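# Summary of the model geometry
Here is how the chains run, residue by residue.
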Amino acid sequence: MQTYLTLMLLFPLAGGLTCALAGRKLPRQAVEILACAAVWGSFVCAALAAASYAAPQTVTLGGWFSSFDLLIPISLYLDPLSLSLAVMIGFVCGLIHVYAVFYMRKEGDYARFFALLNIFVFAMLTLVLAESLPLLYLGWEGVGFCSYLLIGFWYTDKNNADAGRKAFITTRIGDTALVIALAWMFQLFGTLSITQLNGMGFLMPGSIVTAIGILFLIAAMGKSAQVPLMVWLPDAMAGPTPVSAMIHAATMVTAGVYLLSRMYPLIGSSATAMATIAVTGGVTAFYGATCALAQRDLKRVLAFSTISQIGYMMLGVGAGAVTAATFHLLVHAFFKALLFLGAGCVITAMHHEQDIFKMGGLRKTLPLTFWCYLAGAACLAGLPLTGGFFSKDSILVALWHKGGTLYQSLYALALLTALITAYYSFRMVYLVFGGSDGHKHVHVELKFMQLVLIPLAILGLFGGVLNLPSYIGEGFLTRFFAGLAGGAAVEGTHTEELALQAVAATIALAGLLAAYVRYGKGRSQRLLEAKAYPTAMAAFLLNGWYFDRLYQAVLIRPYQALSGVLWQKVDEGVIDDSLDRLAGGLGFSGSWLGRWSTGRVSIYIVSFAAGGALMLGYLAWLAL
Amino acid sequence: MTWDAIDIALMVGKILVLFFVILTLAAYLVLAERRILGWMQDRIGPNRVGPMGLLQPLADVIKMLTKEDMIPSAADRLLFSLAPAMAAIPAILTFAIIPVGAPMVLFGREVNLQVTDLDVGVLFFLALSSIAVYGIALGGWASNSKYSLLGSIRGLSQLISYELSMGLSLVPVVMLAKSFRLSDIVNAQAQMPFIVYQPLAFAIFLVSIIAECRRIPFDLPEAEGELVAGFHTEYSGMRFGLFFVGEYINIIALGALASLFFLGGWRGPLLPPILWFFIKVAIFSFLFIWVRGTLPRLRYDQLMHLGWKFLTPLALLNILATGWWLALR
Amino acid sequence: METTLFYILSAVTVFGTLCAITARQAVRAIVYLVTSFFALALIFYILGAPLVAAFEVIIYAGAIMVLFLFVIMMLELGSPEKLPKPRLADWWPAVILFLAVVGSVTVIAASRQPAIAPGFTAISVREFSQALFTRYGIAVEAISMQLLFALVGALYLGRRR
Amino acid sequence: MSVPLSHVLILASVLFAMGLGCVVAWRANVIMMLIGIEIMLNAVMLTFVGGSAHWGIADGQLFALMIMALTSAEVSLALAMVVYLHRRKGSVNTDDFDSMKG
């Protein structure tokens, strides 16, 4: 087991370092093969680990810090949660690597790209497998770092670089909260081992647990793009599409959910913290869905849908259904990666045109992409019997069973969101693939890229078997997660469950119907309308509720003004000026004293003698 | 140390006697030199004043005293007047430490035939000989004459150079006697005069003292042919006389020291100590005159080379050898 | 008697030095200074340091000052130049420094009153030499090296090109 | 012999101060400056000898002797330098030698 875990981490690390250090010297194909092989090797290790998995275990690879009472070993923890995520990460990332090989064929700087991808995988796996919080934090920052560099991969364009910076700075707010939580917990518990911490929650009063939970929530907000720190994710689409698929849809953004699930035994005891998490998730889900309604950029639609879906996951965690949340996380990873990769195919076919109102007719040009994409959209919309349906439904069920006014209203909100989700999913499908005015150009690479979609589509569609509802049979994940806190199956009658699923299915189908009416039938009219200036509501949604402007007005403007004042008045006016004056004064006095060093012995002698007389006089004064 | 009247009287007596004897001796040494040189050069020399010219020194003194005292107008009057005294006084002072005979009993107490028996006697002698330089240097400088100045500079460098080899040649003597005190040195030669042990040191010392006296062949500071008498060109009358007398007193003093250091001083068989001492000094004085009558003058660079490149290293080697010998004995 | 002699010699020393530093000609300064050093040597003798006294005369009066005299004469012979003389204004800092130093030391010295022990005996040559060549052997070596360096340096500076 | 040590020290300080004054006043003339330094060194020697007499040990005299040796080394070099500089610049005025000024 130790071998598997070590190799799982070492493969991508070695691949990334090799690419980074020697990538420029190696031929392109060697780099590509190396990068893919590293990730697939990691996946194989994960699969083998899963195959031989028996019980949760901790593996210590070495020491990191050991000073005073701070002991941080490099130790990994394998339990159902981390194992399932590791397998998912290995698989999805491996597929995306293969996809990226073809997608990035025309781009230079392949070494940097693949090095960063591999290092990202390493960091993500570290995050997931870490047994101690500092190691988790290492991975946490590692993925953030790779994300920053990959969003700004085409850094020569200022917008891309800005998007990278925005992502980095915004997530940093969350990171700060995490560091505070870490330091505080070390002070409270004297350890940073996750397994130990999770068993120590009862030691502390509820208010402290709540505070720690909220700090973790803020960390998750940053990394998982939850309200109010979600503004970076839509802009992160500036990166290459495989990056968007891998980092900003499937893996990294779920880190926040993972963190909360991981620490659930600790923070789950605080109802307040849980409620806050649930509210955040619900609001984010609703926010993302509404914004996705009006987006014109294909990737931004997907980005907002990601925000929305992660909101669902948070909702699940908030409702105490870690299994449901993880279930949705896994299925979401598959279908969202599928959607992004499909979008990548579309964008490639459209010669990097991303406006969905300028697309259409691709159903005939790219049939394979269409069918796969359709599967992804169905999952996203939660059409019955798809993987997305089951996973989303398990969250809804958990919410319903939680009970209470708060969770009931959140359930209603989630249902509304599901309706909107179905609507915008098919709006997207209709606009992109419907109609007849299609483009005809298909690259060779595109064929290979489309092939990658197939396994993802299958997984997305049939992901539901991972955790079938209890009336069909005992869910695999439920059984697997049974040992975890918060992993217990939601109890309820089969009838009730069926009723809830019927409601969800009806909602999804209603959304589909609405989308068909508006964009299937009235497509041409919609295209005409799109050319007009957007209505106030559409603009509001298009711009993500104007959150960017709000932040601009509330935070950035005052900050810039303050910076301006600090810069011009304080820094230049006070500090610089005083330093300038000081330097000038010193220079003046220096040159003035410098006249002393005339090179004339006589003056030196007089100075020297005067100094000596002064010292002697001091001694005499002492003697008096 | 308490002094009573007899002590003081003895001291004053010693000083007066010594003073008188030295001046007389110096005066007659001049006469002797003139006579001996005359004989050597196959002529008669001064023989008119008194029997065999014995009153000649008196006549010379009278002549000098009555001569007009000339001071050049551009001269530094103070230093011009002081210089002759500066030349003569160290020579006279040297006698303060010279034991002229064995201690004798007088007025019920033992009396050294020596003005004072310093425990750093050798150093006292060296100090005085180094002071003697000033008379020459200042005399020449104060005259404000080119030739005098040249003579002074020559004298300075010559004296400094030979002082070194002279001092170094005395180190083995001190090492053998294990004292700076002159009476100790004389007593250390009770068995054997040091010339037996230290012939090389004696040779170096002899050459050096001739140079110190600025006698031929080392009389470059006053070389008549080149510098018109050098540093005392401008002097006349009694001032010149002082230079002159100083030189001869110096001869006697150095002769006395040479006999003390190497020939056992007043020690000798049969004859009374004072006589022995007198004989030895006379021998050295004769040697000086003899050399003057025999050897030609050296060139200036030869003089310097002899001092620095020959005598000084030789003296150093001699010290080394003596040290070894003393250590191994 | 020696006490009286000490004060007389002190007066001679101070007077000679004073004349030396105010002399108009360097040669005269040397002469005054030699006088002063002579008196100083006698003070050393009185203070029980006959060896230092002898060396004071041999080395200071007999060698160092002669060297000065030699150089002065050589320079005068080479190119008689008018050396700059200190103006009256130049004496002010000197006088102030003089007063400061003497005042300070007087104050410091007067604040303690240790007398030289009346019965003290002069340090004999033997004692002196034993201390010099045993306890301070290293210092002697160092000094000899320094003299050697000075010799080499002087030769280098003096060589003709 | 009943001279207080303080009188010896005061004599030394007077000599030292006169040497200092000489150096300061004659600051234009290298030779006079060197003479001033000699005076100061002699004053220091007097201090040492006085101390030696006061405590009855030879060390002070030893240091006086060492000062002499040092001084002879110093003076020989300094005067060689003076002669050298005189040969080069035809001057012994210190203020003419300021080519190394800052």
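Figured I'd write up the structure that's included with this text. (Residues numbered from 1 in each chain as written. Chains lettered and ligands numbered in written order. Predicted model: local features only at pLDDT ≥ 70, side-chain atom pairs only at ≥ 80, totals over all residues. Heavy atoms only, no water.)

A word on the interface of chain D and chain C. Contact with chain D, which involves 72 residues of that partner, is made by 81 residues of chain C. Taken over both partners, the interface formed by chain D and chain C buries close to 6,900 Å², and the fraction arising from carbon and sulfur atoms is 78%. Taken together, the connections running from chain D to chain C amount to one salt bridge. The closest approach of N and O atoms between Asp 59 of chain D and Arg 135 of chain C, which form a salt bridge, is 3.1 Å. Listing elements by their share of the side of chain D that touches chain C, those giving two or more residues are helix H1 (5-25), helix H2 (30-55) and helix H3 (59-89) of chain D. Element by element, the count of residues in the side of chain D that touches chain C is highest for H3 of chain D, at 24 residues. (Contact = heavy atoms within 4.5 Å. Buried area = accessible area lost by both parts, 1.4 Å probe. Salt bridge = Lys/Arg side-chain N within 4 Å of Asp/Glu carboxyl O. Helix = DSSP H or I, 4+ residues; strand = E, 2+ residues; numbered from the N terminus.)

As a further point, take the packing of aromatic side chains. If you walk through the whole model with that rule in mind, you get 31 aromatic pairs over all chains. Geometrically, the ring pair formed by Tyr 423 of chain A and Tyr 519 of chain A is tilted, given 6.1 Å between the ring centres and 55° between the ring planes. Taken together, the positions of Tyr 423 of chain A in helix H19 (residues 404-433) and Tyr 519 of chain A in helix H22 (residues 494-521) put the pair 96 residues apart, joining distant regions of the chain. In terms of burial, Tyr 423 of chain A and Tyr 519 of chain A fall into one category: buried. Ring geometry for Phe 205 of chain B against Phe 261 of chain B: centres 5.8 Å apart, planes inclined by 85°, an arrangement best described as edge-to-face. Remark: Phe 261 of chain B occurs in helix H11 (residues 237-262) and Phe 205 of chain B occurs in helix H9 (residues 199-212); sequence separation between them is 56 residues. Of the two residues, Phe 205 of chain B and Phe 261 of chain B, neither departs from the other in class, the shared state being buried. Put simply, the rings of Phe 125, Phe 202, Phe 205, Phe 261, Phe 262 and Phe 284 of chain B touch in pairs and so form one group of aromatic residues. Over the face of the ring belonging to Tyr 407 of chain A we find Lys 402 of chain A, whose NZ or CZ atom lies 5.5 Å from the ring centre. (Phe/Tyr/Trp six-rings, centres within 6.5 Å; stacked < 30°, edge-to-face > 60°. Buried < 20%, exposed > 50% of the residue type's maximum accessible area, 1.4 Å probe, protein only. Lys NZ or Arg CZ within 6 Å of the ring centre and 35° of its normal.)

Time to look at the nonpolar core. Nonpolar side chains in soluble globular proteins generally cluster together in the buried interior. Core analysis: the largest hydrophobic core is formed by 208 residues, its most contacted members being Phe 114, Leu 133, Met 185, Phe 216 and Leu 298 of chain A. A per-element tally of this core places helix H15 (residues 322-349) of chain A first, with 20 residues. When residues no more than four places from it in sequence are discounted, the contact partners of Leu 133 of chain A are Leu 182, Met 185, Leu 192, Ile 194, Leu 197, Phe 216 and Met 263 of chain A. With 179 residues, the next largest nonpolar core counts Phe 95, Leu 126, Leu 170 and Val 173 of chain B among its residues. (Core = buried A, V, L, I, M, F, W, Y, C linked by side-chain atoms within 4.5 Å.)

All names here are of chain A. Position of His 401 among the secondary structure elements: in helix H18 (residues 387-402). Judged by relative accessible area, His 401 falls into the partly exposed class, the value being 25%. Separated by 21 residues in the primary sequence, His 401 and Ala 422 have C-alpha atoms spaced 24 Å apart.

A separate point is empty space enclosed by the protein. Under the definition given, this model contains three cavities of 30 Å³ or more. There is about 170 Å³ of room inside the largest cavity. As for the largest cavity, its lining consists of 19 residues, and the residues nearest its centre are Ala 91, Ser 129, Ala 132, Glu 212 and Asn 250 of chain B. Listing elements by their share of the lining of the largest cavity, those giving two or more residues are helix H3 (77-94), helix H4 (121-131) and H11 of chain B. If you tally residues by element for the lining of the largest cavity, the top one is H11 of chain B, at seven residues. In the lining of the largest cavity, the residues fall into 12 nonpolar, four polar and three charged. Estimates place the volume of the second largest cavity at around 60 Å³. Mapped onto the lining of the second largest cavity, the elements with two or more residues apiece are H18 and H22 of chain A. Ranked by residue count, the leading element in the lining of the second largest cavity is H18 of chain A, at four residues. Its residues placed into classes, the lining of the second largest cavity shows seven nonpolar, one polar and two charged. (1 Å grid on protein atoms, 1.4 Å probe; cavity = no way out; pocket = protein on both sides within 12 Å on 5 of 7 lines; lining within 4 Å. Points joined across faces, edges and corners; volume = space filled by probe spheres on them. Nonpolar A, V, L, I, M, F, W, Y, C, P; charged D, E, K, R; others polar.)

All names here are of chain A. Counted under the stated rule, the structure contains 17 salt bridges over all chains. Among the ionic pairs, Asp 355 bridges to Arg 296, the shortest N-O distance being 3.2 Å. Here the residue Asp 355 occupies a position in the loop between H15 and helix H16 (362-365), and Arg 296 occupies one in the loop between helix H13 (271-294) and helix H14 (298-318), the gap between them amounting to 59 residues. Since its relative accessible area comes to 12%, Asp 355 is described here as buried.

Another aspect to go through is the packing of helix H1 (residues 5-40) of chain B against helix H2 (residues 56-66) of chain B. Helices that pack against each other are described as a pair by the angle of their axes relative to one another and the distance between those axes. Residue and element names in this part refer to chain B. Relative orientation of the contacting elements H1 and H2 amounts to 110°, with a least axis distance of 9 Å. Here H1 is positioned roughly perpendicular relative to H2, judged by the angle of their axes. H2 is crossed by H1, and the crossing has right-handed handedness. Touching Ala 27, Tyr 28, Leu 31 and Arg 34 of H1 are Gln 56, Pro 57 and Asp 60, all from H2. (Axes fitted to C-alpha atoms, helices over the stretch in contact; angles between N-to-C directions. Parallel < 35°, antiparallel > 145°, perpendicular 65-115°, else oblique. Left-handed = near helix turned anticlockwise from the far one by under 90°.)

This part takes up the arrangement of the chains. Ranked by contact count, the leading pair among the four pairs of chains in contact consists of chains C and D. Structurally, chain B and chain D remain out of contact, their C-alpha atoms never closer than 11 Å.

All names here are of chain A. Summed over all chains, the structure comprises zero disulfides over all chains. There is no disulfide at Cys 372, and the cysteine sulfur nearest it, in Cys 345, is 8.6 Å away. Note on Cys 379: no disulfide assigned, nearest cysteine sulfur contributed by Cys 372 at a separation of 11 Å. (Disulfide = S-S within 2.5 Å.)

All names here are of chain A. Compared with the 40 Å implied by 1.5 Å per residue over 28 residues, the 39 Å span of H22 between its first and last C-alpha is a close match. Taking the largest bend as the criterion, H22 deviates by roughly 25°, centred on Ala 515. By the burial criterion, the buried members of H22 are Glu 497, Leu 500, Gln 501, Ala 504, Ala 505, Ile 507, Ala 508, Gly 511, Ala 515 and Tyr 519. Where the residues of H22 are buried, they touch helix H17 (367-381), H18, H19 and helix H23 (523-531). (Expected span 1.5 Å × (residues − 1). Bend = angle between axes of the 7 residues up to and from the residue.)

Moving on: unusual backbone geometry. For residues that are not glycine, phi is negative in most cases, and the peptide bond is trans in most cases. Residue and element names in this part refer to chain A. In this chain, Val 227 is followed by Pro 228 through a cis amide linkage whose omega measures 5°. Assignment of secondary structure puts Pro 228 in the loop between helix H8 (206-224) and helix H9 (232-235). Phi is positive for Ala 225, which is not a glycine, with a value near 55°. With respect to the element layout, Ala 225 can be found in the loop between H8 and H9.

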